[in-house]
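# Overview (structure and organization)
Each chain is listed here by its residues.
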Amino acid sequence: MEKSLIILKPDAVQRQLAGKIISRFEEKGIQIVGCKLMKITMDLASEHYAPHKGKPFYEGLVNYMTSSPVIVLVLQANGVIAMARKLMGATFGCDAEPGTIRGDFGGSKGFNLIHGSDSPEAAEKEVSLFFKPEELVDYTLTNEHWLFGDND
Ligand code: DAT
Ligand code: MG
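Every chain is numbered on its own, with residues counted from 1 as its sequence reads. Chain labels run from A onward and ligand labels from 1 onward, assigned in the order the entries are written. Residues qualify for local features only when their pLDDT is at least 70, as the model is predicted, and side-chain atom pairs are given and counted only at 80 or more; totals for whole chains, interfaces and linings, by contrast, use all residues. Values shown for side chains rest on all heavy atoms present in the structure; no hydrogens or waters enter the calculation.

## Considerations on the pairing of strand E3 (residues 70–76)
As a general feature of sheets, a regular strand has side chains that alternate between the two faces. Only protein chains enter the calculation, and the probe is 1.4 Å; a residue is then buried if its accessible area is under 20% of its type maximum, exposed if over 50%, and partly exposed in between. Runs of E in the DSSP output that reach at least two residues are strands. Runs of H or I that reach at least four are helices, and both are numbered from the N terminus. With 7 of 7 residues buried, E3 is to be regarded as a mostly interior element. The two faces of E3 match: Val70, Val72, Val74 and Gln76 on one face and Ile71, Leu73 and Leu75 on the other face are all buried. With 6 bridges joining them, strand E1 (residues 3–8) and E3 adopt antiparallel strand pairing. By the bridge assignment, Ser4 is partnered in E3 with Leu75. Should DSSP find at least two bridges between two strands, the strands are taken to pair. Sheet analysis places strand E2 (residues 31–38) next to E3, joined by 7 bridges and oriented antiparallel. Pairing of Ile32 across the sheet is with Leu75, part of E3.

## A word on the packing of aromatic side chains
Side-chain rings of Phe, Tyr and Trp (the six-membered ring for Trp) are treated as a pair once their centres are within 6.5 Å; stacked means planes under 30 degrees apart, edge-to-face means over 60, and tilted covers the remaining angles. As enumerated under the stated definition, the model contains 1 aromatic pair in all. Between Tyr64 and Phe111, the aromatic rings sit 4.8 Å apart at their centres with planes inclined by 50°, giving tilted as the arrangement. Remark: Phe111 occurs in the loop between helix H6 (101–105) and strand E4 (114–116) and Tyr64 occurs in helix H4 (residues 58–65); sequence separation between them is 47 residues. The class for Phe111 is partly exposed, based on a relative accessible area of 48%. Definition used: whenever NZ (Lys) or CZ (Arg) falls within 6 Å of the ring centre and also within 35 degrees of the ring normal, the charge is taken to sit over that ring. Just above the ring of Phe131 sits the side chain of Lys36; from NZ or CZ to the centre is 4.6 Å.

## Some points on the side chain of Thr66
The residue Thr66 is located in the loop between H4 and E3 in this model. A residue is classified by how much of its surface remains accessible, and Thr66, at 15% relative accessible area, is buried. Polar side-chain contacts of Thr66 include one of 2.8 Å to the backbone oxygen of Val62. We call two residues in contact when some of their heavy atoms are within 4.5 Å. In contact with Thr66, not counting residues within four places along its chain, are Lys39, Ile40, Thr41, Met42 and Ala45. The term polar contact refers here to a pair of N or O atoms within 3.5 Å; inside protein, the definition further demands a hydrogen-donor-capable atom paired with an acceptor-capable atom, and it admits residues adjacent in sequence only when both atoms are side-chain atoms.

Rendered as structure tokens:
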């Protein structure tokens with residue numbers, strides 16, 4: 001099943017919004033299969049944000065991401081990558097729609113609370129960058145049928 005890497009960024013942890021943000025995914029019925037609190041090293045931040053290297057905001061971005069602990073999650077569901085991006089909202093809180101995580105909890109252009117993988121290729125790379133295979137837990141949600149099932 002599809003997986004997505006989510007990072008609750010330093011502002012989410014420092015502002016003590018982690019529980020509320022994780023609830024958005026849980027309420028949608030999305031399954032958590034990996035979760036940890038950690039401090040991102042500069043090496044890890046550089047690898048994770050390699051696609052943005054050379055852009056004017058890159059330096060500020062990696063400094064922000066290494067400045068304070070983050071909570072990283074692996075979410076699992078059919079279509080979870082797109083679902084999580086919709087729940088997150090547009091990149092900056094000031095542009096994001098109300099009802100989305102970024103739209104409801106912030107207005108900053110520098111600090112935008114959350115990262116979510118943007119493609120299956122990125123998700124695969126990011127999950128393996130942050131988690132060892134044995135840190136992911138394989139289990140079934142007992143209400144999976146009601147959450148994502150068909151009626152046929
Ligand atoms: P997203 O996080 O919505 O996938 P992205 O992948 O384009 O956005 O950019 C990664 C992060 O880089 C983003 O969460 C915040 C930062 N960023 C992107 N564009 C920026 C800009 N123009 N100015 C400042 N920070 C920016
Ligand atoms: Mg991105």
